[in-house]
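Okay, here's what each chain looks like letter by letter:
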Amino acid sequence: MSDTSGNAVDERRLAERATRGDARAFADLVTRYQNAVYRLCLRYGAEEAQDLAQETFMRAFVHRERFDPTRPILPWLLTIARRLCIDRVRKHKPVLAEDDRPLDPADEHPDAEATLATREQLGQLKQAHSKLADGPREAIALYHWEGLSYDEIAKIMNVPMGTVMTWLHRGRAQLRKALEEAQVPVARGSAS
Amino acid sequence: MSHIDDQRLMELAVASTPDDAEAAHLAACALCAGALAAEQGLTAWLATVPQPAAPEDFLARVTSAYAVEMSHQTYRAPVLAFGGIAAMLLPLAVLALSAWTDIVAGVSSWAVAVRALGEVVLSLMRAVSSPSSPGLTLIAVQAALLIGGLSVLARLMWMTSPAQEAGR
């Protein structure tokens, strides 16, 4: 889902060059995946997200021999990031367990401007998402926002694919309920 | 056809297209059509949730850390190689030193001490070197390397001490 053949070849070349010490290739990889890695870290603890995301890329570089070049990089990076985040959460309680920062217009995708959704309604959805249990919350984020497949999510979260599907279903049901309680018209929420 | 289950409705809302039977059912069943519309609506809502981006200086931070890591790796390789060779040569150095002190310094107390030390280390290694005790062998080798290294250092310090220089 996150992988097309041309992109995969390009990605592999970049990874090979980066592991040989090509700083420009490494920077290209970081540019390509920094947002997804940063967002995952943000969901686990906002205060340290930047440090954790940076550590993710450095660990990936130091342990580059463990990377399977036949597979896409993003799921591997997110697996490292998630482990780092879980370790950090075990050691210290997250400073901000929920991502309840106010919505910043600068954060928004250009496409989002076209939507009829109000900022308040989106804020409610975001807050409802942050209150989900870890599994459903992460499954929804990785599937809907990072564009990963069931299989890729299962590998990142180290669970069977069926569990990912259950989490997605359960999480979506809870989100739908939260939106309905907030009187957000779910069935008419077409943004496109 | 019975109602479409929730899991399938979610898949239809996200990526799949209904087969003929499902399409016919959705056209006839208001319950399933409403549930699918709700799922599609949620998918659309989720697509509009703004996603934060990494801070602007993030790339600079990571590439800077990468440069530091690269320089460490460049530095580490020759240091490790040198360290490995030095560690391998240390036991030989102890033996050579023992023999050399015998020849050059005669039977001075220092030469006797160094030679005795070397023999103790070798005896210890022989005593514990058996297939059933690889851990002890490792400890013995490490002890030999440590003692050998210290002997060499002590000898070097003694040779360069002011008293020794004055005596020459």
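Definitions and limits used
Residues numbered from 1 in each chain as written. Chains lettered and ligands numbered in written order. Predicted model: local features only at pLDDT ≥ 70, side-chain atom pairs only at ≥ 80, totals over all residues. Helix = DSSP H or I, 4+ residues; strand = E, 2+ residues; numbered from the N terminus. Contact = placed C-beta atoms within 7 Å. Buried ≥ 20, exposed ≤ 12 C-beta atoms within 10 Å, placed from the backbone. Nonpolar A, V, L, I, M, F, W, Y, C, P; charged D, E, K, R; others polar. Axes fitted to C-alpha atoms, helices over the stretch in contact; angles between N-to-C directions. Parallel < 35°, antiparallel > 145°, perpendicular 65-115°, else oblique. Left-handed = near helix turned anticlockwise from the far one by under 90°. Core = buried A, V, L, I, M, F, W, Y, C linked by C-beta atoms within 7 Å. pLDDT = per-residue confidence, 0-100.

Q: For this particular structure, what's the right way to read the overall build of chain B?
A: Looking only at helices and strands, chain B features seven helices and zero strands. Helices and strands appear in chain B in the N-to-C order α-α-α-α-α-α-α. Taking as baseline every contact in chain B between residues at least 6 positions apart, the subset at least 24 positions apart corresponds to 53%.

Q: Help me out: how do you make sense of the overall build of chain A in this one?
A: When you go through chain A residue by residue, the secondary structure sums to eight helices and zero strands. The burial tally for chain A puts 36% of its 192 residues in the buried class. Across chain A, every contact between residues at least 6 apart in sequence was considered, and the portion connecting residues at least 24 apart equals 70%.

Q: How do you make sense of the interface of chain B and chain A when you look at a structure like this?
A: One frequently used descriptor of interface size is the decrease in accessible area upon assembly of the parts. The interface is formed by 29 residues belonging to chain B together with 44 residues belonging to chain A. Breaking the side of chain B that touches chain A down by element, the ones donating at least two residues are α1 (6–14), α3 (30–48) and α4 (58–105) of chain B. No other element matches α4 of chain B, which puts ten residues into the side of chain B that touches chain A. Of the residues belonging to the side of chain B that touches chain A, the class tally is 21 nonpolar, five polar and three charged.

Q: Explain unusual backbone geometry here, please?
A: A negative phi holds for most residues other than glycine; trans holds for most peptide bonds. All names here are of chain A. Positioned with a positive phi, Asn158 is a non-glycine residue whose angle comes to about 60°. Tracing the sequence through the fold places Asn158 in the loop between α7 (150–157) and α8 (161–181). By C-beta crowding, Asn158 is classed as exposed, having 10 other C-beta atoms within 10 Å.

Q: I'm lost on the packing of helix α5 (residues 119–130) of chain A against α8 of chain A in this one. Help?
A: Any two packed helices are characterised by the angle at which their axes cross and by the distance between the axes. All names here are of chain A. Following both chains from N to C, one finds α5 and α8 inclined at 140°, their axes separated by 9 Å at the closest point. In terms of orientation, α5 lies oblique with respect to α8. Every pair of crossing elements has a handedness; the one defined by α5 and α8 is right-handed. Residues Gln124, Leu125, Ala128 and His129 of α5 pack against Leu175, Ala178 and Leu179 of α8. Counted by class, the contact of α5 with α8 contains five nonpolar, two polar and no charged residues.

Q: Hey, could you run me through the nonpolar core in this one?
A: Nonpolar side chains in soluble globular proteins tend to end up buried together. All names here are of chain A. If you look at the biggest cluster of nonpolar residues, it comprises 62 residues, and the most contacted ones within it are Val37, Cys41, Ala53, Leu77 and Ala81. Element by element, the count of residues in this core is highest for helix α2 (residues 23–44), at eleven residues. Excluding anything up to four places from it in sequence, Ala81 contacts Val37, Leu40, Cys41, Leu52, Ala53 and Thr56.

Q: Please clarify how the confidence of the model for chain A should be interpreted in this entry.
A: Detailed reading of the predicted coordinates is not advisable wherever pLDDT falls low. All names here are of chain A. Taken as a whole, chain A shows an average pLDDT of 80; of its residues, 78% reach a score of 70 or greater. Counting interchain partners and residues more than four positions distant, the pLDDT-below-50 stretch residues 95–106 has 19 contacts. Every residue in residues 112–116 is under pLDDT 50, and counting partners more than four places away or in other chains gives four contacts.

Q: Please clarify how the confidence of the model for chain B should be interpreted in this entry.
A: Residue and element names in this part refer to chain B. Here chain B averages 73 in pLDDT, and 50% of its residues register 70 or above. By mean pLDDT, helix α7 (residues 162–167) is the weakest element of chain B at 48, and helix α2 (residues 20–28) is the strongest at 90. Low pLDDT, under 50, characterises residues 164–168; the stretch is placed with two contacts to residues that sit more than four places away or in other chains. Two summary scores accompany this predicted model of the complex, namely pTM at 0.64 and ipTM at 0.73.

Q: Got a minute to help me understand the environment of Ile73 of chain A in this structure?
A: All names here are of chain A. Within the secondary structure, Ile73 is located in helix α4 (residues 73–91). The sequence separation of Ile73 and Arg12 amounts to 61 residues, and the corresponding C-alpha distance is 8.2 Å. Filtering out sequence-adjacent residues up to four positions away, Ile73 remains in contact with Glu11, Ala15, Leu29 and Tyr33.

Q: Help me out: how do you make sense of the packing of helix α3 (residues 49–62) of chain A against α4 of chain A in this one?
A: All names here are of chain A. At a minimum axis separation of 9 Å, α3 and α4 run at an interaxial angle of 125°. Between α3 and α4, the crossing angle belongs to the class labelled oblique. The interaxial crossing formed by α3 with α4 has right-handed handedness. For the pair formed by α3 and α4, the contact residues are Leu52, Ala53, Glu55, Thr56, Arg59 and Ala60 on the first element and Leu77, Ile80, Ala81, Leu84, Cys85 and Arg88 on the second. Residue composition of the contact of α3 with α4, grouped by class: eight nonpolar, one polar and three charged.

Q: Explain the environment of Ala154 of chain A here, please?
A: Residues and elements named next belong to chain A. Assignment of secondary structure puts Ala154 in helix α7. Taking the C-alpha atoms as reference points, Ala154 and Val164, separated by ten residues in sequence, lie 6.1 Å from one another. If we skip the residues at most four places from it in the chain, Ala154 touches Val159, Pro160, Met161 and Val164.

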